[in-house]
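Below, each chain spelled out in residue letters.
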Amino acid sequence: MSENQYNVAILGATGAVGTRLIEQLESSTISVKNLKLLASKRSAGKQLTFHGQKHIVEEATPESFENIDIVLASGGGAVSQKFAPEAVKRGAVVVDNSSFWRMNDNVPLVVPEVNEADLKNHNGIIANPNCSTTQMVVALEPIRRAFGLKRVIVSTYQAASGAGQSAWNELVDQTTAYNNHHEMMPNILPVKGEKKHYPLAYNLLPQIDVFEPDGYTHEEWKMIHETKKIMFGDKNSKAIKVTGTAVRVPVLVGHGEAVYFETNDHSGAKTADIQAVLDSAEGVILQDNPKEQLYPQPLTAEGKRETFVGRVREDLETDDAFHMWVVSDNLLKGAAWNTVQIAERLVALDLVRVPEGGADKFSTM
Ligand code: NAP
Ligand code: 12T
């Protein structure tokens, strides 16, 4: 582990992900010299704590990134579009949570358990995948390594907090309103800024992010193309078929996923073989014992860095096909922990620097 100390900035520090970035950085192996907390003008002056010390939140400007080594960004797409190139120009390496840079060919999209090696190709920006993609590939990659993988069909059960602190607050308020026979006032979900809003309390919303012209939501589109880029190195890889349906459920923290997959293995692998591979996989905790009613749940995954897998079983009618149930804390492995984990790996691999010409790759954006 490197003994260097780093100046770190958290962009979007007051948000649902940002507050967890602070906590994950506190318990990381990274030695922080100075921490700068950045948000919009709205939160400038607010105080947050890091290692027991008060830090004042500042409004982010391009100059905020002078003398910064590592930026952990979770301010949203427009914020990362604007500020990530400014930070890289000033020599900082940005690990970005937004979807803005993920599909850029100059930007590695990384889940350390799956494709840590892609970090060495970075040009100053590294993208953190979508939360639902991250936990799915953590569970699928060990299966791909052992048995190959040719097809995935996923149904997601996604928590409100994935859409930010305001969506979290909205679900709490709606639940209270419903229980007290008051009117529910939806303003955020399914998507902030969309034409229509619906209550999530006591409901299910089969829309996460905006609709694409083909009828898929952008969340479903991201799961398809991010999975291909992370696991197969090409966002349009034909080596695997991926599809799915993303649904918002009235849970605060922790996404669930029912995953159907077909392997490339024709040796007759059984449920126990899949379980054995998952049981020894990095970042995975197998919780799978129907006799004891043991299976992953959002409430038991909350606050944990790992991805929990259970309900592993053979498909009854298709050879070499299985089902599993995957749960993780969407704000940790889905966002803040994966981001800090990437930063830890950058430090360990001595990659906390912008390579020559790196900044030029983002200057026209
Ligand atoms: P959130 O709770 O709404 O927080 C948004 C944060 O961005 C706040 O700190 C906010 O600061 C800051 N911000 C907004 N406008 C800004 C500006 N112009 N300049 C600087 N900071 C600004 O949202 P969240 O759930 O933490 O998510 C933040 C972003 O992370 C999302 O938009 C998404 O792109 C990404 N995310 C990714 C994943 C993933 O799957 N990897 C999961 C969740 C979120 P104020 O307090 O000043 O408003
Ligand atoms: N629509 O970073 O609303 O791509 O749950 C993360 C969370 C997009 C993203 C959500 C979203 C992202 C959500």
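Computed from a predicted structure; not experimentally measured.

Draft legend 1. Molecular detail of the sheet that holds strand β14 (residues 321–328). With respect to topology, six strands assemble into an open sheet ordered β10-β9-β11-β14-β13-β12, the strand pairing being mixed. At either end of the open sheet lies a strand with only one pairing partner, and these are β10 (241–248) and β12 (284–286). With strand direction ignored, the average angle separating the axes of adjacent strands in the sheet is 20°. Note: β12 against strand β13 (residues 307–314), three bridges, orientation parallel. Looking at β13, one finds that V284 is bridged to T307. Here helix α4 (residues 131–147) sits on the sheet in contact with β9 (151–158), β11 (255–262), β12, β13 and β14, set at roughly 40° to β11. Here helix α6 (residues 218–232) sits on the sheet in contact with β9, β10 and β11, set at roughly 145° to β10.

Draft legend 2. View of the site of ligand 2. All residues in the neighbourhood of ligand 2 are listed as N97, S99, R102, N130, G162, A163, I208, D209, E219, K222 and R248. In this structure, N130 approaches ligand 2 through a side-chain N or O atom, which is 3.2 Å from an oxygen atom. K222 places a side-chain nitrogen or oxygen 2.7 Å from an oxygen atom of ligand 2. If ligand 2 stood free it would expose 320 Å²; the protein chains cover 80% of that surface. Looking at the shell around ligand 2, its residues break down into two nonpolar, four polar and five charged.

Draft legend 3. Main features of unusual backbone geometry. Residue P190 is reached from L189 by a cis peptide bond, and omega for that bond is 5°. One non-glycine residue with positive phi stands out, namely Y202, at about 55°. Mapped onto the secondary structure, Y202 falls in the loop between α5 (165–179) and α6. In this structure, R311 takes a positive phi of about 55° despite not being glycine. Within the secondary structure, R311 is located in strand β13.

Draft legend 4. Just the packing of α4 against α6, in detail. Between α4 and α6, whose axes approach to 10 Å, the crossing angle comes to 40°. When the axes of α4 and α6 are compared, the pair comes out oblique. Between α4 and α6 lies a crossing whose hand is right-handed. Where α4 approaches α6, its residues S132, T133, M136, V137, L140, E141 and R144 are matched on the opposing element by E219, K222, M223, E226, T227, I230, M231 and F232. Partitioned by chemical class, the residues of the contact of α4 with α6 number seven nonpolar, three polar and five charged.

Draft legend 5. A look at the sheet that holds strand β6 (residues 70–73). The six strands lie next to each other as β5-β2-β1-β6-β7-β8, forming an open sheet whose pairing is parallel. Both edges of this open sheet fall to β5 (58–59) and β8 (125–127), since each of them pairs with a single strand only. Pairing of strand β1 (residues 6–11) with strand β2 (residues 32–39), which is carried by six bridges, proceeds in the parallel orientation. Looking across to β2, one finds that L11 is bridged to L38. Seen against the sheet, helix α2 (residues 77–89) touches β1, β6, β7 (93–96) and β8 and runs at an angle of roughly 160° to β7. Here helix α9 (residues 332–348) sits on the sheet in contact with β1, β6, β7 and β8, set at roughly 165° to β6.

Conventions adopted
- Residues numbered from 1 in each chain as written.
- Chains lettered and ligands numbered in written order.
- Predicted model: local features only at pLDDT ≥ 70, side-chain atom pairs only at ≥ 80, totals over all residues.
- Heavy atoms only, no water.
- Pairing = 2+ DSSP bridges.
- Helix = DSSP H or I, 4+ residues; strand = E, 2+ residues; numbered from the N terminus.
- Axes fitted to C-alpha atoms, helices over the stretch in contact; angles between N-to-C directions.
- Contact = heavy atoms within 4.5 Å.
- Near = heavy atom within 4 Å.
- Polar contact = N/O pair within 3.5 Å; in protein donor to acceptor, adjacent residues only side chain to side chain.
- Areas by Shrake-Rupley, 256 points an atom, 1.4 Å probe, with all protein chains shown as cover.
- Nonpolar A, V, L, I, M, F, W, Y, C, P; charged D, E, K, R; others polar.
- Parallel < 35°, antiparallel > 145°, perpendicular 65-115°, else oblique.
- Left-handed = near helix turned anticlockwise from the far one by under 90°.

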